[in-house]
Amino acid sequence: AQTVTQSQPEMSVQEAETVTLSCTYDTSESDYYLFWYKQPPSRQMILVIRQEAYKQQNATENRFSVNFQKAAKSFSLKISDSQLGDAAMYFCAYRRVDFNKFYFGSGTKLNVKP
Amino acid sequence: DTEVTQTPKHLVMGMTNKKSLKCEQHMGHRAMYWYKQKAKKPPELMFVYSYEKLSINESVPSRFSPECPNSSLLNLHLHALQPEDSALYLCASSQALGQLNTEAFFGQGTRLTVV
């Protein structure tokens, strides 16, 4: 069974600093997708970044980047130059290539201090 | 258009009421989802429709009844709910299997309160 684990229920970062959110997952599949979603108080889940497991290169999107370690089944999110608007719940998610089901971690609440 | 639109945004209903949640997308996605989310918890999958056919039902009680009338619309019919069903209900859509851009796009959710 696929499981996604986020071991940090809550984290804080100073504005303009860098923070890393952790995620590990369990799967027997060799090809799959990994995602980080952000959910601010406005409730809508917003995709932050996506990684295809067959790609060795880590995905980046502006201030957001991932450290994808396939052998270790680890998928951490680095946020550089943190901004107040980054404050939200962050969910790590996994999806098999051949199955329309997303598995979510328990989430990490990120606080950004001015 | 990269939006998933859900209506209503808020809903209060009694335990004997019948109501429906609606979801619409115009991205040509052929997979649509209903999730239930309790406060400070991750979304829990309820149903998945693929090409307008129900493909996954996560053992959801029959008081929740999904419907996919066409490729753009997804409904969730509610009847005889319990107070513990109060939650945020999220709709999402994604490309069909085998397509690129495999992420799910989410709506803003319906905040449901059962009294």
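What you see is a predicted model; the values in this text were computed from it and never measured. Along each chain, numbering runs from 1 in the same order as the chain's sequence is written. Naming scheme: in the order in which they are written, chains are lettered from A and ligands are numbered from 1. Per-residue local features of the predicted model are confined to residues with pLDDT of at least 70, and side-chain atom pairs are confined, for both listing and counting, to 80 or more; whole-chain, interface and lining totals are unaffected and use all residues. Side-chain metrics rest on all non-hydrogen atoms present in the structure, leaving aside hydrogens and water.

(A) Representation of the packing of aromatic side chains in the model. Centres within 6.5 Å are what make two rings of Phe, Tyr or Trp a pair, Trp counting through its six-membered ring; a difference in plane orientation under 30 degrees is then read as stacked, over 60 as edge-to-face, and the rest as tilted. Within this structure, the stated rule accounts for 18 aromatic pairs over all chains. Relative to Phe106 of chain B, the ring of Tyr37 of chain A lies with its centre 5.5 Å away and its plane at 80°, an arrangement referred to as edge-to-face. With one member in each of two chains, Tyr37 of chain A in strand β5 (residues 32–39) and Phe106 of chain B in strand β10 (residues 105–106) form a pair that bridges those chains. The exposure classification of Tyr37 of chain A matches that of Phe106 of chain B, with both residues buried. These aromatic residues form a ring-pair network of at least three members: Tyr33, Phe35, Tyr37, Phe91, Phe102 and Phe104 of chain A together with Tyr33, Tyr35 and Phe106 of chain B. Per the convention used, a helix needs a DSSP run of H or I reaching at least four residues, while a strand needs a run of E reaching at least two, with both numbered from the N terminus. The buried label applies to any residue whose accessible area, calculated with a 1.4 Å probe on protein chains only, is under 20% of its type's maximum; exposed applies above 50%, and partly exposed to all values in between.

(B) Local environment of the environment of Leu21 of chain A. Residue and element names in this part refer to chain A. The residue Leu21 is located in strand β3 (residues 19–21) in this model. Exposure remark for Leu21: the relative accessible area of 0% places this residue in the buried category. Expressed as a C-alpha distance, the spacing of Leu21 and Phe104, which sit 83 residues apart in the sequence, is 14 Å. Contacts are assigned to residue pairs that have any heavy atoms within 4.5 Å of one another. With sequence-adjacent residues up to four places away left out, Leu21 is seen in contact with Gln8, Met11, Trp36, Ser76, Leu77, Tyr90 and Thr108.

(C) Structural detail: the nonpolar core. Note on terminology: a nonpolar core comprises buried Ala, Val, Leu, Ile, Met, Phe, Trp, Tyr and Cys residues joined through side-chain atoms within 4.5 Å. Counting 27 residues, the largest nonpolar core has Tyr25, Trp36, Phe75, Leu77, Tyr90 and Leu110 of chain A as its most contacted members. Those elements that place two or more of their residues in this core are β2 (10–14), β3, β5, β6 (46–52), β8 (64–69), β9 (74–79), β10 (88–96) and β12 (108–113) of chain A.

(D) Quick peek at the interface of chain A and chain B. Opposite the 21 residues of chain A that make contact, chain B presents 29 residues. Overall, the association of chain A and chain B removes approximately 2,100 Å² of surface from exposure, summing both partners, and the carbon and sulfur fraction of that is 53%. What makes a salt bridge here is a side-chain nitrogen of Lys or Arg within 4 Å of a carboxyl oxygen of Asp or Glu, nothing more. Viewed at the interface, chain B and chain A are joined by 2 salt bridges. Where Glu58 of chain B meets Lys101 of chain A, a salt bridge forms, and the shortest distance between an N and an O atom there is 2.8 Å. Polar contact is the term for a pair of N or O atoms within 3.5 Å; when the atoms are in protein, one must be able to donate a hydrogen and the other to accept it, and sequence-neighboring residues count only if both atoms are side-chain atoms. Inspection of the region where chain A meets chain B yields 10 residue pairs in polar contact (both at pLDDT 80 or more). Listing elements by their share of the side of chain A that touches chain B, those giving two or more residues are β5, β6, β10 and β11 (102–104) of chain A. Accessible area that two parts lose when put together, with a 1.4 Å probe and added across both, is what the buried area reports.

(E) Fine view of the pattern of salt bridges. With the rule as written, the count across this model stands at 9 salt bridges over all chains. Here Arg96 of chain A ties to Asp98 of chain A by a salt bridge, and the two come within 2.9 Å at their closest N and O atoms. Classification of Asp98 of chain A as partly exposed rests on a relative accessible area of 44%. Here the residues in one salt-bridge network are Arg50, Glu52 and Lys55 of chain A together with Glu103 of chain B, joined through shared partners.

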